[in-house]
Amino acid sequence: FCSVVVCTSLLTQVGYREPYIWADVLQGASQILEHGGILLMYDTEKWGDFGDEEKMKDHLKQAELDLELIEREEPVDFSDD
């Protein structure tokens, strides 16, 4: 198992065609993270509700993923991408 999983700029690259790919990252990370491990995701909020805490929490609950959102930083402005 992994103690840290990092995913950055995935939506910046493929969000226009797979806007909810962040949900796949959550699913995959939940399978390989050790208990107490950290998933760090950094990306644009332009696609698929990424960064919307309530929608992401709802997804975690519906998918029955053993992950918890613990911190969210202000969005990065990718309006020109």
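Refer to the structure above for everything that follows.
The rules behind each value
Residues numbered from 1 in each chain as written. Predicted model: local features only at pLDDT ≥ 70, side-chain atom pairs only at ≥ 80, totals over all residues. Heavy atoms only, no water. Core = buried A, V, L, I, M, F, W, Y, C linked by side-chain atoms within 4.5 Å. Buried < 20%, exposed > 50% of the residue type's maximum accessible area, 1.4 Å probe, protein only. Helix = DSSP H or I, 4+ residues; strand = E, 2+ residues; numbered from the N terminus. Contact = heavy atoms within 4.5 Å. Phe/Tyr/Trp six-rings, centres within 6.5 Å; stacked < 30°, edge-to-face > 60°. Lys, Arg positive; Asp, Glu negative; His and termini not counted. Salt bridge = Lys/Arg side-chain N within 4 Å of Asp/Glu carboxyl O. Polar contact = N/O pair within 3.5 Å; in protein donor to acceptor, adjacent residues only side chain to side chain. Expected span 1.5 Å × (residues − 1).

*Asks:* So, the nonpolar core: which residues are in play, and what are the values?
*Replies:* Of all hydrophobic cores here, the largest spans 10 residues; its members are Leu-11, Val-14, Ile-21, Trp-22, Ala-23, Leu-26, Phe-50, Met-56, Leu-60 and Leu-65. Going through the elements one at a time, helix H1 (10–14), helix H2 (21–32) and helix H3 (53–62) are the ones with two or more residues in this core. At four residues, H2 tops the list of elements feeding residues into this core. Discounting chain neighbours no more than four positions away, the residues touching Phe-50 are Leu-11, Trp-22, Met-41, Asp-43, Thr-44, Glu-45 and Met-56.

*Asks:* Describe the packing of aromatic side chains, listing the residues and the values that go with them.
*Replies:* Enumeration according to the criterion identifies one aromatic pair in this entry. Summarising the aromatic geometry, the rings of Tyr-20 and Trp-22 are spaced 6.2 Å apart at their centres and angled 50° between planes, so their arrangement reads as tilted. Judged by relative accessible area, which is 4%, Trp-22 ranks as buried.

*Asks:* Tell me about the side chain of Asp-43, residues and numbers included.
*Replies:* Locating Asp-43 in the fold gives a position in the loop between strand S2 (33–42) and H3. Lys-46 is the oppositely charged side chain nearest to the buried, salt-bridge-free Asp-43, at an N-O distance of 11 Å. A polar contact is formed between the side chain of Asp-43 and the backbone nitrogen of Leu-10, at a distance of 2.7 Å. Separated by 2.6 Å, the side chain of Asp-43 and the backbone nitrogen of Leu-11 make a polar contact.

*Asks:* Got a sec to walk through H2? Specific residues and values, please.
*Replies:* With 12 residues, H2 should cover 16 Å at 1.5 Å per step; its first-to-last C-alpha distance of 17 Å lies within 8% of that length. Within H2 the residues assigned to the buried category are Ile-21, Trp-22, Ala-23, Val-25, Leu-26 and Ala-29. Considering only its buried residues, H2 is in contact with strand S1 (2–8), H1, S2 and H3.

*Asks:* Go over the environment of Glu-68, please, and point to the residues and values.
*Replies:* Tracing the sequence through the fold places Glu-68 in the segment after H3. Judged by its relative accessible area of 66%, Glu-68 is exposed. Along the primary structure Glu-68 and Lys-57 are separated by 11 residues, whereas in three dimensions their C-alpha atoms are 7.8 Å apart.

*Asks:* Break down unusual backbone geometry for me, citing the residues and quoting the values.
*Replies:* A positive phi is found at Asp-49, a non-glycine position, where the angle reads about 70°. Mapped onto the elements of the fold, Asp-49 is located in the loop between S2 and H3. The class of Asp-49 is partly exposed, set by a relative accessible area of 27%. The residue Glu-64 is not glycine, and still its phi comes out positive at about 55°. One can find Glu-64 in the segment after H3.

Shape is all these values report; function is a separate question.
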